[in-house]
Amino acid sequence: MAAAGPWPELEAALRERRRELSLAGAAVAERVAAGGGQLPEALLALPLLQSLELSGCAALRELGPGVAAALPALHTLVLSRNALGPAGLGSGLGGPLPALRLLDLSGNGLEALPAELGGTGDGAGDAAPAFPQLRSLNLSANRLRELGPGLARAAPQLQELLLSGNRLRALPGGLLPPAGPPAPFPLLSRLDAADNEVAELGADIAALPALKSLDVANNQLRELPAALADCPRLKEANFRGNQLRDKRLEKMVNGCQTKAILEYLRAGGRGKGKTENAREEVRKKKREKQQKKDSGDGEQDEVEEASKLLVKVLHVSENPAPLVVKVSPGVKDVRAFIVCCVLKGVNLKPGNALKRFLTMQTKLHEDICEKRTVATIATHDLQLVKAPLTYDVQPPDELKIMPLGRKEIKAKDLLRQLQLEAEEQRKQKKRQNVSGLHKYLQLLDGKNNYPCLVDAEGAVISFPPITNSEKTKIRKETRDLFLEVTSDTSLQICKDVMDTLILKIAELNRSTLENKEDSGSDVELDALCGPGSLNLPLVVEQVRVVDMDGNLKVLYPSKTDLATVSSLLTVIR
């Protein structure tokens, strides 16, 4: 353990008997480096600590001994974006942590793991589980090539395992112990292994009885096992970005609901071409559809289809003035992914429509964006956006923005101001956690440059994941929106979030028009929206994201986008 230099944060935590501690910033990195790249010894004197975060510290190379024994009450341990690789965990966390519920080791370059965390060793055999309460384990963005069975024994209550951005070649691979009681991972509901090198998805995936969400996008799969259809609770699966042999299955993967894919696999299609069973299944569905039509049920289906929300896509080729976003090379190391589009025909004027719109955006940040840790949404009044736009990075002491509800300020001063507000809020409310923008500050820890979206006048209109600008703020009179989703995780996450955002806006728009919320009078609303406006689609204009030389990086929405919400949304292309 490192002993160099004073640690005022740890002294304060000991004095105030804190149960939560977050260490971040350049000063912390300097002290860790001076102490040999290990955690400080003073940390071992905080036995009441329940939550510890030390992220974005490039100087932290190893944990050192004694963490588990000294911090037995830990239920949350976040050590993301440090430099623990390739084997910085050494022998692990130094022993069992009976209360640990969340462990985040993402972004460390780890190449090997101790057996109890999924390494290739056998672990402790029949010993008591090392992490009996562990619910979430994040090993994303490391360099892991294979996994072992020790994790199943060490964490029997695991519900979420995140493995994206590694170098895994098989799944589940060695993760599942040999068959026999007890069943491995009886509660595992989410398995994320996108952006690996997985060439084999084993049939033993069906041995995970609680699996609800499976993400193996952007791997090297050539076929999908029929056993996937035997996963009793599987509701969401992402197989995009794999070169499947069965081109029909590949089309389904890009445009169909998970249920349809599983039905196809159950019928006999598994990536080796069409089978007679699959063709018979198609013929059966056609017969059922015809029978419905003959009996009059088809009319009901047509009514249901007509009642679905409508969105019309305006292609770049049809748009006389398409909006383009240029991306600078610097964003790659900060917040690499961005997806944008224009949405026209929104009505925020009646009643509390604008308030409900903002509440919806906040809920998406909490849920699908996972508290902004995987993605961030920004919404702008299109009429106030000065194109062309550039997605860029700027140093904290140069980036200036007029945040929502505040005066223009430098980014570094804004973060310092928010940190002071967070500390004051914590003291006033006598609690360890904070709310609002303050809980997102750690997402920029250790960054030498901050991401920003800059307009044609050089003004920053968005500073993800913190805030966007008062300059393009949405108001009741806003009719057309510029939508932006950014992420440092993956492009697909940006697209999925954007799909959901468009769906939610369409739902709000329909609800506003149906209820005719009081904005003055029904006559005023009818004049604004026009007769029959419930059936008028919102218009989504494609936006191209290009590099500085004009080469296309992403176009949204493409032919395969909005498929995740197709059961609720009719897209006119």
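Each remark here, short or long, concerns the structure printed above.
Below you will find a few notes about this structure.

Thresholds applied
Residues numbered from 1 in each chain as written. Predicted model: local features only at pLDDT ≥ 70, side-chain atom pairs only at ≥ 80, totals over all residues. Heavy atoms only, no water. Buried < 20%, exposed > 50% of the residue type's maximum accessible area, 1.4 Å probe, protein only. Helix = DSSP H or I, 4+ residues; strand = E, 2+ residues; numbered from the N terminus. Arc of directions from axis to C-beta. Pairing = 2+ DSSP bridges. 1 Å grid on protein atoms, 1.4 Å probe; cavity = no way out; pocket = protein on both sides within 12 Å on 5 of 7 lines; lining within 4 Å. Points joined across faces, edges and corners; volume = space filled by probe spheres on them. Nonpolar A, V, L, I, M, F, W, Y, C, P; charged D, E, K, R; others polar. Salt bridge = Lys/Arg side-chain N within 4 Å of Asp/Glu carboxyl O. Contact = heavy atoms within 4.5 Å.

For helix H6 (residues 258-266), the set of buried residues is Thr 258, Ile 261, Leu 262, Tyr 264 and Leu 265. On an axial view of H6, the arc spanned by its buried residues comes to 155°, and they lie on one face. Away from its buried face, by an angle of more than 90 degrees, H6 presents the exposed residues Lys 259 and Arg 266. One or two positions beyond H6, positive phi appears at Gly 268, with a value near 125°.

Once that is clear, we can look at the pairing of strand S19 (residues 450-454). On any regular strand, side chains alternate: one points to one face of the sheet, the next to the other face. Counted residue by residue, S19 has five buried out of five residues, so it is predominantly covered. Taking every second residue as pointing to the same face, both faces of S19 are buried, with Tyr 450, Cys 452 and Val 454 on one and Pro 451 and Leu 453 on the other. Across five bridges, strand S16 (residues 389-394) lies against S19 in antiparallel orientation. The residue bridging Asp 392 from the neighbouring strand is Cys 452, located in S19. As paired strands, S19 and strand S20 (residues 460-463) are joined by two bridges and run antiparallel to one another. Considered in S20, the bridge of Leu 453 is made with Ser 462.

The tally for this structure, following the rule as stated, stands at two cavities of 30 Å³ or more. Its boundaries defined by the atoms lining it, the largest cavity holds a volume of some 50 Å³. Lining the largest cavity, in full, are Val 346, Asn 347, Leu 348, Ala 353, Arg 356, Phe 357, Ile 505, Leu 508, Asn 509 and Thr 512. Elements represented by at least two residues in the lining of the largest cavity include exactly helix H9 (353-366) and helix H11 (491-515). In terms of residue count, the dominant contributor to the lining of the largest cavity is H11 (four residues). Taken together, the residues of the lining of the largest cavity break down into six nonpolar, three polar and one charged. Lining the second largest cavity we find Val 334, Arg 335, Leu 443, Leu 444, Lys 447, Pro 451, Pro 465 and Asp 488.

To continue, consider the pattern of salt bridges. Enumeration over the complete set of coordinates arrives at 19 salt bridges. Lys 247 is the salt-bridge partner of Glu 250, the closest N and O atoms lying 3.4 Å from each other. One end of the pair, Glu 250, and the other, Lys 247, are both in helix H5 (residues 247-255), three residues apart, so they sit about a helical turn from each other. Assessed through its relative accessible area of 16%, Glu 250 is described here as buried. Classification of Lys 247 by relative accessible area gives partly exposed; the value is 46%. Glu 507 serves as the salt-bridge partner of Lys 504, at 3.7 Å between the closest nitrogen and oxygen. With Lys 504 and Glu 507 both in helix H11, this residue pair falls three residues apart, about one helical turn.

Here the focus is unusual backbone geometry. Residue Pro 388 is reached from Ala 387 by a cis peptide bond, and omega for that bond is 0°. With respect to the helices and strands, the residue Pro 388 is situated in the loop between strand S15 (376-381) and S16. Put simply, Tyr 556 and Pro 557 share a cis peptide bond, and its omega is -5°. For Phe 185, which is not glycine, the phi torsion reads 45° and is therefore positive. Residue placement: Phe 185 occurs in the loop between strand S7 (170-171) and strand S8 (190-192). Given the relative accessible area of 1%, Phe 185 is considered buried. Although it is not a glycine, Asp 195 sits at a positive phi angle of roughly 60°. Along the chain, Asp 195 falls in the loop between S8 and strand S9 (200-201). Asp 195 sits in the partly exposed class, given a relative accessible area of 31%.

This paragraph deals with helix H2 (residues 26-34). Looking at H2, one finds that the buried residues are Val 28, Arg 31 and Val 32. The arc that holds every buried residue of H2, seen down its axis, measures 100°, which confines them to one face. Seen from the open side of H2, the exposed residues pointing more than 90 degrees away from its buried face are Ala 26, Glu 30 and Ala 34. Tucked into the core, H2 has its buried residues touching helix H1 (8-15) and strand S1 (20-23).

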